[in-house]
Number of protein chains: 2
Amino acid sequence: MVIGVQEATTPDLWLEHLHKAGKALSASRPTAVNLQVGVQKMIEVGLQLANQGHHSFHSWTSQLLDAANQFHREDEILCERIGAHGAALLPDGACILTHCNAGALATGGMGTALSVIYSAFQNGNPVTVLADETRPLLQGARLTCWELSRAGIPVTLQCDSAAASALASGNVHAVVVGSDRIARNGDVANKIGTYGLAVLAHHHDVPFYVAAPTTTVDLNCPTGATIPIEERGAEEILGFGNTVSAPGEVPVRNPAFDVTPAALVTAIITEHGVLHAPSEEKLLAQAETKEG
Amino acid sequence: MVIGVQEATTPDLWLEHLHKAGKALSASRPTAVNLQVGVQKMIEVGLQLANQGHHSFHSWTSQLLDAANQFHREDEILCERIGAHGAALLPDGACILTHCNAGALATGGMGTALSVIYSAFQNGNPVTVLADETRPLLQGARLTCWELSRAGIPVTLQCDSAAASALASGNVHAVVVGSDRIARNGDVANKIGTYGLAVLAHHHDVPFYVAAPTTTVDLNCPTGATIPIEERGAEEILGFGNTVSAPGEVPVRNPAFDVTPAALVTAIITEHGVLHAPSEEKLLAQAETKEG
């Protein structure tokens, strides 16, 4: 069990708890990189505090919390900027297909993919949303439908496998999704099913947008093939709540994420703007701008 | 409520019950055409019996049952033939992706898509199967996994949205599905999600096979656009058993089927053989052979 830093009675124990908590949080979602960026940032803050000397130990926890809150506020601003850049891409009255939840329930701010939708709606664009339920954990049904309904944005729920016929109908004008990690070459890891949507969007000539802060771009991952994909438990697919839905002995394949090649991504929307036809060159240029 | 013909006390009531039962059965699955073919056949048998005179009324029900059993036996033979033709298409040790249940639990015989797999397995081909769970009603999880496991054929269950990454992995050698109705031009209606699989199979250069008896070909439907698509209730997606999984007020899109254009179908496997690159010309030629 991980113990919070606030329980530590000495500076050494405080740092030990900080590292342990960071490790546990990072391991909880191996595919997502933002989480690891956040954890790394907090560990750096902790080490800086320790370097300043043990005399201020009594205030380390509150200083760490201040830094975390600051990080959270920055995240809110990133989300707003992503929303503003993305909203400009949507035609008036667009129907947007989204997958999983990349909204206020999954990020520090108003979301990434959903921030684009919130922003368009707030600008007076009468957008509508088609939400994939997103098996196995139904984040689309449970979270996306809930938060969009609450915001008064018209949302219709469908099974993941119904996305193809919706795209074929011509009534979907854009697919907008979030991302857990973007490789240096623009390959995008996101919730299982995203890659299939990208292929379908391409087949139907519908733009496929990925909305994510630049912290999602992992320059240490050359391509999507090097992004670790979390494989989750069989129980998520063998049943549902207390209802058994498959023979218990059947083997299950349950990757939680998949990788969409950059070539299928119309644009990546970050806090800095819209990166059409993403590539290593463009992502590196943007990373330099960010640091400059 | 529909009353069975066996309850009828006069020839006129018997015919009335027959028509009512036929109407109710046909209306239960508007997309499937085989069911309507079967119902039509039974009504014709009933009318023939009536035309022969009322003196034999006491035996009409048992004669109708004999005709139904004969139809069932013919269905078993069709399934076997489909299986034999389809099995020849599968490379040794192929991994086959299938969707929904087109097996012994859904047909008179050993199935259509699954008959291909059963036949290959019985011929000594060590095939394996990847079964889409098939939301919302989970026929893949509940039925396909059950019947294949029972037959000793290795089957792995996955979410529908995981099919894309499985195809991208290169480990799937064929997609084999059934069909509820095939239009005259070769467009295929089948369980929702089938069309998406066809696009994905095409994108990954994996053959996409549709296994169905020629009774599935509806020459009265010029194209897939004229096939009625059953829209089912929201409750199938808003919850699962007793577990609520989405806000109750959210609108739901729940088409039970979709249409795959003939251009995405590598071959249609019928009891007569394998129809590569199906077209109106080829389907009409096959229909003539059948009648000849």
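Residues numbered from 1 in each chain as written. Chains lettered and ligands numbered in written order. Predicted model: local features only at pLDDT ≥ 70, side-chain atom pairs only at ≥ 80, totals over all residues. Heavy atoms only, no water.

**Remarks on the sheet that holds strand β3 (residues 155-158) of chain B**
Counted only if it meets this: Strands pair, by our definition, only if DSSP identifies at least two bridges between them. Put simply, DSSP marks the helices as runs of H or I at least four residues long and the strands as runs of E at least two long, and each gets a number from the N terminus on. Whether two residues touch is decided by their heavy atoms; if any such pair falls within 4.5 Å, the residues are in contact. In this description, a line fitted to the C-alpha atoms serves as the axis of each element, helices being fitted only across the stretch in contact, and the angle between N-to-C directions of two axes falls anywhere from 0 to 180 degrees.
Read across the sheet, 8 strands follow the order β11(A)-β3(B)-β2(B)-β1(B)-β4(B)-β7(B)-β13(B)-β14(B) without closing on themselves; strand pairing throughout is mixed. Unpaired on one side and paired on the other, β11 (252-253) of chain A together with β14 (273-276) of chain B mark the two borders of the sheet. Both strand β1 (residues 95-98) of chain B and strand β2 (residues 128-132) of chain B contribute to a ladder of 4 bridges, which runs parallel. By the bridge assignment, B:I96 is partnered in β2(B) with B:V129. Where helix α3 (residues 60-87) of chain B meets the sheet, it contacts β7 (208-211), β13 (267-270) and β14 of chain B, and its direction lies at approximately 140° from that of β13(B).

**What about helix α1 (residues 11-28) of chain A?**
Residue and element names in this part refer to chain A. For the record, the criterion: A helix is expected to span 1.5 Å for every residue after the first. When accessible area is computed with a 1.4 Å probe and restricted to protein chains, residues below 20% of their type maximum are described as buried, those above 50% as exposed, and intermediate ones as partly exposed. By arc we mean the arc of the directions from the helix axis to the C-beta atoms, nothing more.
Its 18 residues give α1 an end-to-end C-alpha distance of 26 Å, which sits within 8% of 26 Å, the value for a rise of 1.5 Å per residue. Burial in α1 covers these residues: P11, W14, L15, H17, L18, G22 and S26. Summarising the axial view, the buried residues of α1 lie within an arc of 160°, below the 170-degree limit, and thus occupy one face. With respect to the buried face of α1, the exposed residues turned more than 90 degrees away are D12, K23 and A27. Packed against the buried residues of α1 are α2 (34-51) and α3 (60-87).

**Some words on empty space enclosed by the protein**
Counted only if it meets this: In the cavity and pocket records, a cavity denotes points on a 1 Å grid over the protein atoms alone where a 1.4 Å probe fits but cannot get out, a pocket denotes an open set with protein on both sides within 12 Å along at least 5 of 7 lines, and lining residues are residues with an atom within 4 Å of a point. Grid points are joined across faces, edges and corners, and a volume is the space filled by probe spheres set on the points. Residues are grouped as follows: Ala, Val, Leu, Ile, Met, Phe, Trp, Tyr, Cys and Pro are nonpolar; Asp, Glu, Lys and Arg are charged; every other residue, Gly included, is polar.
Applying the stated criterion across every chain, the model contains 1 cavity of 30 Å³ or more. By volume, the largest cavity amounts to about 210 Å³. The wall of the largest cavity is formed by 20 residues, among which A:D160, A:S161, B:D160, B:S161 and B:L200 lie closest to the centre. Taken together, the residues that form the lining of the largest cavity break down as 8 nonpolar, 8 polar and 4 charged.

**A few points about the pattern of salt bridges**
Heads up, the rule is: Put simply, a salt bridge is a Lys or Arg side-chain nitrogen that is within 4 Å of an Asp or Glu carboxyl oxygen.
The final tally for this structure, using the stated rule, is 14 salt bridges over all chains. A salt bridge links A:E280 to A:R184; the nearest nitrogen and oxygen atoms lie 3.1 Å apart. Of this pair, A:E280 sits in helix α9 (residues 280-291) while A:R184 sits in the loop between β5 (181-183) and β6 (188-191), placing them 96 residues apart in sequence. For A:E280, a relative accessible area of 31% puts it in the partly exposed group. For B:K20, the salt bridge goes to B:E16, with nearest N and O atoms at 3.5 Å. You can see B:K20 and its partner B:E16 sitting in helix α1 (residues 11-28), 4 residues apart, about one turn around the helix. For B:E16, a relative accessible area of 39% corresponds to the partly exposed category.

**Brief notes about the sheet that holds strand β1 (residues 95-98) of chain A**
Strands sit in the order β14(A)-β13(A)-β7(A)-β4(A)-β1(A)-β2(A)-β3(A)-β11(B) across an open sheet of 8 strands; the sheet is mixed. Two strands lie at the open edges of the sheet, namely β14 (273-276) of chain A together with β11 (252-253) of chain B, each paired on one side alone. Pairing geometry for strand β4 (residues 174-177) of chain A and strand β7 (residues 208-211) of chain A, over 3 bridges, is parallel. Along β7(A), the bridge assignment pairs A:V177 with A:V210. Where helix α7 (residues 194-203) of chain A meets the sheet, it contacts β1, β2 (128-132), β4 and β7 of chain A, and its direction lies at approximately 145° from that of β7(A).

**Quick look at the nonpolar core**
What counts, and what does not: Put simply, a nonpolar core is a bunch of buried Ala, Val, Leu, Ile, Met, Phe, Trp, Tyr and Cys residues held in one set by side-chain atoms that sit within 4.5 Å of each other.
Counting 70 residues, the largest nonpolar core has A:L157 and B:L157 as the members making the most contacts within it. Among the nonpolar cores identified, the runner-up in size contains 56 residues, and A:L130, A:V172, A:A198 and B:A201 belong to it.

**A word on the relation of the copies chain A and chain B**
The cut-off we apply is this: We place the copies in one frame by least squares, fitting the C-alpha atoms of every residue whose pLDDT is at least 70 in both.
Here chain A sits on chain B after a turn of 180° about the axis and a move of 0.0 Å along it, with an RMSD of 0.0 Å. What the superposition gives is, in effect, a two-fold axis relating one chain to the other. Here 100% of the contact residues of chain A are again contact residues in chain B; the copies associate through an equivalent surface.

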